[in-house]
Amino acid sequence: MEKIIEENKQGTSLVMEQKNENQKKLFIESYGCQMNFSDSEIVASILANEGYNTTQNLEEADLVLVNTCSIRDKAEQTVRKRLQEYNAIKKINPGMKVGVLGCMAERLKSKFLEEEKIVDMVVGPDAYKDIPNLLKDVDEGRDAINVILSKDETYGDISPVRLQSNGVTAFVSITRGCDNMCTFCVVPFTRGRERSREPQSILEEIQDLWNRGFKEITLLGQNVDSFLWYGGGLKKDYEKATEMQKATAVDFAQLLDMCATQFPKMRFRFSTSNPQDMHIEVIEVMAKHHNICKYIHLPVQSGSTRILKEMNRQHTREEYMTLVDKIYEIIPDISLSQDMISGFPTETEEDHQDTLTLMEHVKYDFGFMFAYSERPGTLAARKMEDDVPEEVKKRRLNEIIDLQQKTSLQRAQRFIGQTVEILVEKESKRSDAHWSGRNSQNTVAVFPKENYKPGDFVLVKISDCTSATLIGEAVGYATQMQS
């Protein structure tokens, strides 16, 4: 659950620039976290070199790929329904191939191929470069499967196509996998152990995006703060590195500093942070650079130390609150957001109250809140009974959501009367006469278009707000960020 799942993006089919020489059609849609959407861009880039253009018309596709998520049961059920829909179309278009990518692929490999005959190909998160070979296997009548998890694959040598991009913001993956064995989470089993990408390849990808006019980058990983490049290999093997490798290693604070320094007119965000790996050096780098956004997604999952231990989170309630206090001390105007799970096994009413009081202490600007659902393959599913009744989970979740909405409004109100720097991203959903963008603290703002355009950094005077949106009027360009 260490990942933000944006409900409005689920099942989005991707479109990229068409190459005239490509004759085959690829339909690819994604479910789950931003990491999956980023991976779909890598897959589309690989297949563009194999003669495929993307299409949004499922019926005309030669190859249909669905990039899947195992984080919540709802995501898995949605994908199963989509597979049934593909099957209906396959009867009309028998030449169409169907592949399952991503986390569900790794977890349910044999089930997809043997029981649900509609799938021709199953590809795990570390095997995307093997897709051209797997397609040949399918053509020759063989089941095609590669779910081997890699110790070193980071896709650092692939320049992802930017699918359905607004041309302003982009994601750049810097790590893959995760070493944190949280008992509720399937990611270490579906995405493998943690490894970091070579810093130079990250800077080159950002340079390419800058050359193409992008203005904001989000550095992406299951756990960005534990980024550690020492010449390649798994993070857990760092202790075996040579003295020279250790002396020249690059950690996340250094990488963030390199990005902000090399691209001073580009804005940087990062996600996701794990409290146990969030170092004060990162906060100090954020404070030093205007172009690093003052926002951290800092999942906590529960406010109870006892439940945190059951979750195998490597921090206590007190350690988390001390970290938050230090962050506010260094960057007073920062925004924080949370992931929270209600109804984890054995959670008592006292544990739930601990969560509410922690939220009151931290004062999160945003939150991503879920009732616990048991995920097959996790330690919690194997060792713990899902013993909190569904109605209790829902009631506790509603109390968490109600408190967060109240706090979100209070936090948004602090901007009323202020002039804030907004990067224009797109038209407002509610009015084609208004632009929409975000401030450094990740709060959305809308304002009349006037002569501004997407990609402009604009100073906006805030006059009103809801719990999720700032409302104001532009007063000029933000000269500090104009290139």
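Residues numbered from 1 in each chain as written. Predicted model: local features only at pLDDT ≥ 70, side-chain atom pairs only at ≥ 80, totals over all residues. Heavy atoms only, no water.

Chemist: Looking at this model, I keep getting lost on the environment of Met384. Mind explaining?
Modeler: Its place among the elements puts Met384 in the loop between α14 (379-383) and α15 (390-413). A relative accessible area of 17% means that Met384 is categorised as buried. With 40 residues separating them along the chain, Met384 and Phe344 place their C-alpha atoms 9.6 Å apart. (Helix = DSSP H or I, 4+ residues; strand = E, 2+ residues; numbered from the N terminus. Buried < 20%, exposed > 50% of the residue type's maximum accessible area, 1.4 Å probe, protein only.)

Chemist: Quick question: what am I supposed to make of the sheet that holds strand β16 (residues 335-342) here?
Modeler: Hydrogen bonds between backbone atoms are what pair the strands of a sheet, whose relative direction is either parallel or antiparallel. Pairing in this open sheet of three strands is parallel, and the strands run β15-β16-β17 from one edge to the other. Among the strands making up the open sheet, the edge pair consists of β15 (295-297) and β17 (366-371). Between one strand and the next, the sheet's axes are offset by a mean angle of 10 degrees, whatever the strand orientation. By the bridge criterion, three bridges tie β15 to β16 in an arrangement that is parallel. Paired with Ile296 across the bridge in β16 is Leu336. (Pairing = 2+ DSSP bridges. Axes fitted to C-alpha atoms, helices over the stretch in contact; angles between N-to-C directions.)

Chemist: What am I meant to see in unusual backbone geometry here?
Modeler: Backbone geometry follows two general trends: most residues other than glycine have a negative phi, and most peptide bonds adopt the trans configuration. For the bond from Ser271 to Thr272, the omega torsion is 5 degrees, close enough to zero to count as cis. Within the secondary structure layout, Thr272 lies in the loop between β14 (267-271) and α10 (280-288). For Asn312, which is not glycine, the phi torsion reads 60 degrees and is therefore positive. Here Asn312 is to be found in the loop between α11 (305-310) and α12 (317-330).

Chemist: Would you explain the pattern of salt bridges in this entry?
Modeler: If charged atoms from side chains of opposite charge come close, those side chains can pair. According to the stated counting rule, one finds 28 salt bridges in the structure shown. With its nearest N and O atoms 3.0 Å apart, the salt bridge here joins Asp257 to Lys288. Residue Asp257 is located in helix α9 (residues 252-262), and its partner Lys288 is located in helix α10; the two are separated by 31 residues in the primary sequence. Owing to a relative accessible area of 21%, Asp257 belongs among the partly exposed residues under this scheme. (Salt bridge = Lys/Arg side-chain N within 4 Å of Asp/Glu carboxyl O.)

Chemist: Help me understand helix α1 (residues 34-48), please; the structure alone is not making it clear to me.
Modeler: Because each turn of an α-helix spans 3.6 residues, side chains separated by three or four positions in sequence point in the same direction. With 15 residues, α1 extends 21 Å between its outermost C-alpha atoms, agreeing within 8% with the 21 Å of an ideal straight helix rising 1.5 Å per residue. Counted residue by residue, α1 has 15 buried out of 15 residues, so it is predominantly covered. (Expected span 1.5 Å × (residues − 1).)

Chemist: Please explain the confidence of the model for the protein as it appears in this structure.
Modeler: If pLDDT is low for a region, its predicted coordinates should not be looked at in detail. This prediction gives the protein a mean pLDDT of 87; 88% of its residues lie at or above 70. Throughout residues 1-5 the model reports pLDDT below 50, and contacts reaching past four residues in sequence, or to other chains, amount to 33 contacts. (pLDDT = per-residue confidence, 0-100. Contact = heavy atoms within 4.5 Å.)

Chemist: I tried to follow the sheet that holds strand β21 (residues 457-465) on my own but got confused; where do I start?
Modeler: Overall, mixed pairing links the five strands, which are arranged β18-β19-β20-β22-β21 in a closed barrel. Shown here is a sheet whose adjacent strand axes are inclined to one another by a mean of 55 degrees, direction ignored. Two strands pair when backbone bridges link them, and strand β18 (residues 419-427) and β21 are joined in this way by five bridges, in the antiparallel orientation. The partner of Glu421 across the bridge, within β21, is Leu459.

Chemist: Help me understand the pairing of β17, please; the structure alone is not making it clear to me.
Modeler: In the case of a regular strand, side chains alternate between the two sheet surfaces. The sheet contact formed by β16 and β17 spans six bridges and is parallel. Opposite Ser342, over in β17, you have Ala371 as the bridge partner. Crossover connection from β16 via helix α13 (residues 349-362) to parallel β17: handedness right-handed. (Right-handed = clockwise from strand over helix to strand, strands pointing away.)

Chemist: I would appreciate a short explanation of α12 in the present structure.
Modeler: Between its first and last C-alpha, α12 extends 20 Å over 14 residues, near the 20 Å set by a 1.5 Å rise per residue. Of the residues making up α12, those classed as buried are Arg317, Tyr320, Met321, Leu323, Val324, Ile327 and Tyr328. The arc that holds the buried residues of α12, viewed along the axis, is 155 degrees, so those residues lie on one side. Facing away from the buried side of α12, by more than 90 degrees, are the exposed residues Thr322 and Glu329. (Arc of directions from axis to C-beta.)

Chemist: Please clarify how the packing of aromatic side chains should be interpreted in this entry.
Modeler: Think of a pair of aromatic rings as described by two things: how far the centres are apart, and how the planes are tilted against each other in angle. Here the structure, examined in full by the defined rule, presents six aromatic pairs. On the numbers, 5.1 Å between centres and 75 degrees between planes, the contact of Phe252 with Phe270 is edge-to-face. You can see Phe252 sitting in helix α9 and its partner Phe270 sitting in strand β14, a full 18 residues away along the chain. The exposure class of Phe252 is buried, given its relative accessible area of 1%. Seen from their ring centres, Phe447 and Tyr452 are 6.4 Å apart, and the 70 degrees between their planes marks the pair as edge-to-face. (Phe/Tyr/Trp six-rings, centres within 6.5 Å; stacked < 30°, edge-to-face > 60°.)

Chemist: How should I be thinking about the nonpolar core in this particular structure?
Modeler: Grouped burial of nonpolar side chains is what soluble globular proteins tend to show. Counting 52 residues, the largest nonpolar core has Ile206, Leu219, Phe252, Phe270, Met286 and Ile296 as the members making the most contacts within it. In contact with Phe270, other than residues within four places in its own chain, are Thr218, Leu219, Val224, Phe252, Leu256, Met278, Val282, Met286 and Ile296. Of all hydrophobic cores here, the second largest spans 19 residues; its members include Ile28, Val43, Ile46 and Leu134. (Core = buried A, V, L, I, M, F, W, Y, C linked by side-chain atoms within 4.5 Å.)

Chemist: What am I meant to see in the pairing of strand β5 (residues 97-102) here?
Modeler: Summarising burial for β5: six of the six residues are buried, a large majority. Both strand β4 (residues 63-68) and β5 contribute to a ladder of six bridges, which runs parallel. From the neighbouring strand, Leu63 faces β5, where its bridge partner is Lys97. When β5 meets strand β6 (residues 121-123), the two strands line up parallel, connected through three bridges. Its bridge partner lying in β6, Gly99 is registered against Met121.

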